[in-house]
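# Structural features, examined
As a plain string of letters, each chain reads:
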Amino acid sequence: QGTRDHPPAHAALRDRLLAAVVACFKRHGAAAIDTPVLELRETLMGKYGEDAKLIYELQDQGGELLALRYDLTVPFARYLAMNKIANMKRYHVAKVYRRDNPATTRGRYREFYQCDFDIAGQFDPMIPDAECLKIVHEILSDLQLGDFLIKVNDRRILNGVFAVCGIPESKFITTCSTVDKLDKMPWEEVRSEMVGEKGLSPEAADHIGEYVQLHGGLDLIERLLQDPKLSQNKLAKEGLGDMKLLFEYLTLFGITGKISFDLSLARGLDYYTGVIFEAVLLQQENDHVEESVSVGSVAGGGRYDGLVGMFDPKGRKVPCVGVSIGIERIFSILEQRVKASGEKVRTTETQVLVATPQKHLLAARLKLISELWDAGIKAEMLYKKDPKLLKQLQYCEDMGIPLAAIVGEQELTDGVVKLRDVATREEVRM
């Protein structure tokens, strides 16, 4: 069914990952929001282009056609419009649902987590956009996943390219979704899909090919600003001007080493209006693993200035830019690494096990563990009246619990507790 169970080790790994991502979002001043898993079907339709076929629709129950959310962006736009909010910086971590062909080895599921960060509001160009890219850079650096690259483009530049190549505007969106396949297919196949399926002329396709295979940095932006055809196109000129500004801000953030202005990046979704970006891992350190994990994109996002207006009865627009971290794909890599290294993942955060060496001391254990819990200390005990001390210490080793608090008859008489370091076996009375 393309979904998965999360055993304790996986869930613990996931919690750590999510905590690192959320810490980054909070560092940037975002507030958490949550929206329902179910949306009206009409809310989701017409926002995702060719991907709309992947939406899980639910049958009519009581007069309303519902669907499971496909991402966290469209529900956010609906939320802003419904509540007449014009300014917000938010994050949202939740599950989304796609009726996709699952590829579980590549971290592609039908039910998976997304971690979104968005900035909504009217601001000066490219400042929020640069911050979204900085966040992707921070998270991928923090998680130490190896080398990565963040590709950046702008929908206006792409549309400008299509226009100067003679593509009718009605075919911009479908051409866009074909160009988006360039990271998975060679240019020849993309070209034949443009001509064969999308009905473009071979000349137009070749012309597009001259542009969409370019990538670079500020130098490429300058070169395209001088391009005799593109510089005459209003949309492309706007997009290139903003791209230049974006690279100036990214230089100030000190992250341009990991950023590539890439004209093949299209992102298949309909709602993007300006800057778009996607982060890919360049290689997996898989010396020990037989099959390498190819996970593709691990983060993506962009600017969607028209989406909120679609839900507002008066069509009021709220400009937005946001990023989504593909946490499930990152799990796949980390899980493979943990497997390869043979390290054990701690599945609990227990700091101390309350133990007794003799029989008939359950009362002492219950009293002590209650005091520890009330003091905010993470503590456990075995659910047996008279467990053997060796068994209790073995449990500490199996679960990675660092300390054992031992209360025997002598300790009760002396009013002390014996604290044992499980790894070194050193003991102190306190």
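Residues numbered from 1 in each chain as written. Predicted model: local features only at pLDDT ≥ 70, side-chain atom pairs only at ≥ 80, totals over all residues. Heavy atoms only, no water.

Before going further, it helps to examine the nonpolar core. Within the largest apolar cluster, 78 residues are counted, with the highest numbers of intra-cluster contacts made by Phe261 and Ile325. Here the element with the most residues in this core is helix α1 (residues 8–27); it accounts for eight residues. Core analysis: the second largest hydrophobic core is formed by 26 residues, Ile55, Phe76, Ala81 and Leu269 among them. (Core = buried A, V, L, I, M, F, W, Y, C linked by side-chain atoms within 4.5 Å. Buried < 20%, exposed > 50% of the residue type's maximum accessible area, 1.4 Å probe, protein only. Helix = DSSP H or I, 4+ residues; strand = E, 2+ residues; numbered from the N terminus.)

Let us look at the UniProt feature "binding site: L-histidine" (unreviewed entry) in the chain. Under the local residue numbering, the UniProt record ascribes the feature "binding site: L-histidine" (unreviewed entry) to Asp71, Leu72, Thr73, Arg98, Gln114, Asp118, Arg267, Tyr271 and Tyr272. By the secondary structure assignment, Asp118 is in strand β6 (residues 111–120). The residues contacting Asp118, other than those within four sequence positions of it, are Phe76, Met88, Lys89, Arg90, Tyr304, Val321 and Gly322. Separated by 2.6 Å, the side chains of Asp118 and Arg90 make a polar contact. Tracing the backbone shows Tyr271 in the loop between β9 (259–262) and β10 (275–281). Each residue touching Tyr271, except ones within four places of it in the same chain, is listed here: Lys47, Tyr48, Asp71, Thr73, Val74, Arg303, Tyr304 and Leu307. Here Asp71 takes part through its side chain, which lies 2.7 Å from a polar atom of the side chain of Tyr271. (UniProt positions renumbered as here; feature names shortened; annotations may be inferred. Contact = heavy atoms within 4.5 Å. Polar contact = N/O pair within 3.5 Å; in protein donor to acceptor, adjacent residues only side chain to side chain.)

Take the pairing of strand β5 (residues 88–97) next. Burial runs high along β5: seven of the 10 residues are buried. Relative to β5, strand β1 (residues 31–32) runs parallel, the two being bridged by two bridges. Counterpart to Ala31 in the pairing with β5 is Arg90. (Pairing = 2+ DSSP bridges.)

Attention shifts here to the sheet that holds strand β2 (residues 38–40). Here three strands make up an open sheet; going across it, the order is β2-β4-β3 and the pairing antiparallel. With partners counted over all chains shown, the strands left at the sheet margins are β2 and β3 (57–58), one partner each. Bridge analysis of β3 against strand β4 (residues 66–68) gives two bridges, and the strand direction is antiparallel. Across the sheet, residue Glu57 finds its bridge partner in β4, namely Ala67.

This next bit is on the environment of Val21. Along the polypeptide, Val21 turns up in helix α1. Spatially, the C-alpha atoms of Val21 and Arg303 are 21 Å apart, while their sequence positions differ by 282 residues. Contacts of Val21, omitting those with residues within four sequence positions, involve Cys115, Ile139, Ile325 and Ile327.

The grouping of Lys359, Lys384, Lys388 and Lys391 at the surface amounts to a positive patch. Assignment of secondary structure puts Lys388 in the loop between β14 (379–380) and α14 (389–399). By relative accessible area, Lys388 is classed as exposed at 67%. (Patch = residues over 30% accessible without salt bridge, like charges linked within 9 Å, V, L, I, M, F, W, Y side chains within 5 Å. Areas by Shrake-Rupley, 256 points an atom, 1.4 Å probe, with all protein chains shown as cover. Salt bridge = Lys/Arg side-chain N within 4 Å of Asp/Glu carboxyl O. Lys, Arg positive; Asp, Glu negative; His and termini not counted. Charge placed at Lys NZ, Arg CZ, Asp CG, Glu CD.)

Before going further, it helps to examine helix α4 (residues 127–142). The end-to-end C-alpha distance of α4 is 22 Å, a good match for the 22 Å that 16 residues give at a rise of 1.5 Å each. Counted residue by residue, α4 has 12 buried out of 16 residues, so it is predominantly covered. Among all positions of α4, only Pro128, Asp129, Ala130, Glu131, Cys132, Leu133, Ile135, Val136, His137, Glu138, Ile139 and Leu140 are buried. Within two residues after α4, Gln144 carries a phi angle of roughly 50 degrees, on the positive side. (Expected span 1.5 Å × (residues − 1).)

With that settled, the discussion passes to the pattern of salt bridges. Going through the model one piece at a time under the given rule, you end up with 28 salt bridges. The partner of Asp142 in a salt bridge is Arg27, with the nearest N and O atoms 3.6 Å apart. Taken together, the residues Asp142 in helix α4 and Arg27 in helix α1 connect sequence positions 115 residues apart. Judged by relative accessible area, Asp142 falls into the partly exposed class, the value being 45%. A salt bridge links Glu349 to Lys378; its shortest N-O distance comes to 2.7 Å. Placement of the pair is Glu349 in the loop between α12 (327–341) and β13 (352–355) and Lys378 in the loop between α13 (362–374) and β14, with a sequence separation of 29 residues. Classification of Glu349 as exposed rests on a relative accessible area of 56%. Judged by relative accessible area, which is 41%, Lys378 ranks as partly exposed.

With that out of the way, let us pick up the packing of helix α9 (residues 218–225) against helix α10 (residues 234–253). One can describe the packing of α9 onto α10 by two numbers: an axis separation of 10 Å at closest approach and a directional angle of 155 degrees. Looking at the two axes, α9 sits roughly antiparallel to α10. Every pair of crossing elements has a handedness; the one defined by α9 and α10 is left-handed. In this structure, α9 uses Leu218, Ile221, Glu222, Leu224 and Leu225 to contact α10, whose residues at the interface are Lys237, Leu240, Gly241, Met243, Lys244 and Phe247. (Axes fitted to C-alpha atoms, helices over the stretch in contact; angles between N-to-C directions. Parallel < 35°, antiparallel > 145°, perpendicular 65-115°, else oblique. Left-handed = near helix turned anticlockwise from the far one by under 90°.)

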